[in-house]
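Secondary and tertiary structure notes
Spelled out from the first residue to the last, the chains are:
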Amino acid sequence: MDSGKPNAAAIASTLFLVFFICMQCNAQLSSSFYDTSCPKLQSTVKKQVRTSISAERRLAGSLIRLHFHDCFVQGCDASILLDDSPTIKSEKSAPPNKNSVRGYDVIDRAKTAVEKICPGVVSCADILSIAARDATVLAGGPSWTVKLGRRDSTTTNFTQASNGLPFFRDNLQKLISDFAIKGFTIREMVALSGAHSFGQAQCFTFRDRIYNNTSDIDAGFASTRRRKCPSSGGDTKLAPLDLVTSTSFDNNYYKNIVQKKGLLETDQILLSGGSTDDIVRDYSKNPATFKRDFAAAMAKMSDLSPLTGQSGVIRRICSSLT
């Protein structure tokens, strides 16, 4: 007969449930987050990234940029992966992303592979963070520990994606300010800019620099770039950000800047008599220092405003909430 008093087992069960909920509500990212629930996660993602980059080397830079464009808009929550729907205005169509950001299909394939071994467990945001690290390593760059436990956003922010990302014509102070808002030092900003060690840019983003700039651009470099980028038209024609090692992660980006061969205005402006000059020169001479600082800055970036605990969801399809 029930006495109306809870027994010890019931009390213990209730206390455990309360403790578990509180732990979830205050969950923090951890490198061991999936050690029990999905132990083969990292090897599964790496396999998909390796296969994709083997087929197209350019994707290494694309995946780092995809991760960056996600994290700088309402945090590392995979909001950039969502397609348009009746309730979603996709960040993919924002001006900095449209016909520019790539690598969505790599994340989709990795997510499909992960779902087969751990259905409904791993977020798209975590997969994107792992993929960016693996892409860097596969291109010859440094590794870093990726903390995990992010959850996926159920919203996007088209306005922030349109206006909150660095623009190829930004001046130095604007770049410094944009990164400072996200908690990055000037040195970290210069290190993260080194992601332009590989990848490509569209003609319209550097046309003014190669045709109208005579003060801080090498004449031979400008002439070479004009061959693939006409003075009008051909806006989407591509050119490598680094002519020397366009698919490898190294410090040639900074060597190029020292030689006035930065492709974008926001590249060359890092050596323009301002507070970033000495950092650029340091990285141009010390590749190990650059790689160390880049890894630390990327680890910090991947921790920007993650959704954890009961916030957000685990999307089974990265491009959709259904």
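Our structure's up above, just so we're on the same page.
Now for a look at the structure at hand.

Cut-offs and rules
- Residues numbered from 1 in each chain as written.
- Predicted model: local features only at pLDDT ≥ 70, side-chain atom pairs only at ≥ 80, totals over all residues.
- Heavy atoms only, no water.
- Core = buried A, V, L, I, M, F, W, Y, C linked by side-chain atoms within 4.5 Å.
- Buried < 20%, exposed > 50% of the residue type's maximum accessible area, 1.4 Å probe, protein only.
- Contact = heavy atoms within 4.5 Å.
- Disulfide = S-S within 2.5 Å.
- Axes fitted to C-alpha atoms, helices over the stretch in contact; angles between N-to-C directions.
- Helix = DSSP H or I, 4+ residues; strand = E, 2+ residues; numbered from the N terminus.
- Parallel < 35°, antiparallel > 145°, perpendicular 65-115°, else oblique.
- Left-handed = near helix turned anticlockwise from the far one by under 90°.
- Nonpolar A, V, L, I, M, F, W, Y, C, P; charged D, E, K, R; others polar.
- Salt bridge = Lys/Arg side-chain N within 4 Å of Asp/Glu carboxyl O.
- Phe/Tyr/Trp six-rings, centres within 6.5 Å; stacked < 30°, edge-to-face > 60°.

1. With respect to the nonpolar core
Among the nonpolar cores identified, the biggest contains 70 residues, and Leu41, Leu66, Leu81 and Ile107 are the most heavily contacted of them. Among all residues touching Leu41, those that are not within four sequence positions of it are Tyr34, Val114, Val122, Ile130 and Leu148. One finds Ala201, Phe221, Ala222 and Leu264 within the second-largest nonpolar core, a separate group that totals 12 residues.

2. Focus on the state of the cysteines
In a disulfide, the sulfur atoms of two cysteines are covalently bonded to one another. In this structure the tally under the stated criterion is four disulfides. Residue pairing for Cys71: its cysteine sulfur links by disulfide to Cys76, the two sulfurs lying 2.0 Å apart. On the S-S bond that ties Cys71 to Cys76, the torsion sits near 120°, and the link is right-handed. On the accessibility criterion, Cys71 (1% relative accessible area) is buried. Overall, Cys76 belongs to the buried group, its relative accessible area being 1%. Taken in N- to C-terminal order, the disulfide-linked cysteines of the protein chain are connected 1-4, 2-3, 5-8, 6-7.

3. Things to note about the packing of helix α2 (residues 41-55) against helix α5 (residues 124-138)
Any two packed helices are characterised by how steeply their axes cross, that is the angle between the axes, and by the distance between the axes. Following both chains from N to C, one finds α2 and α5 inclined at 55°, their axes separated by 9 Å at the closest point. Taken together, the axis directions place α2 and α5 in an arrangement best described as oblique. Once α2 is placed against α5, the crossing between them reads as right-handed. Contacts between α2 and α5 involve Leu41, Gln42, Val45, Lys46, Val49, Arg50 and Ile53 from the former and Ile127, Ile130, Ala131, Arg133, Asp134, Ala135 and Leu138 from the latter. When its residues are assigned to classes, the contact of α2 with α5 shows nine nonpolar, one polar and four charged.

4. Some thoughts on the pattern of salt bridges
All chains considered together, the criterion is met by 19 salt bridges. A salt bridge links Asp303 to Arg150; its shortest N-O distance comes to 3.9 Å. Within this pair, whereas Asp303 is found in the segment after α14 (287-301), its partner Arg150 is found in the loop between α5 and α6 (158-163), the two being separated by 153 residues in sequence. Linked by salt bridges that have partners in common, Asp126, Lys147, Arg150 and Asp303 make up one network.

5. Regarding the packing of aromatic side chains
Using the criterion set out here, one finds 17 aromatic pairs in the structure. Measuring from centroid to centroid gives 4.4 Å for Phe68 and Phe72, while their planes differ by 35°, and the two rings are tilted. With respect to burial, Phe68 and Phe72 carry one shared label: buried. Both rings, one in Tyr283 and one in Phe290, keep their centres 5.6 Å apart while their planes meet at 55°; by these two values the pair is tilted.

6. Examining unusual backbone geometry
A positive phi is found at Gln74, a non-glycine position, where the angle reads about 50°. The residue Gln74 is located in the loop between α3 (59-71) and α4 (104-117) in this model. Residues other than glycine seldom take positive phi values, yet Ser305 does so here, at roughly 40°. Relative to the helices and strands, Ser305 is located in the segment after α14.

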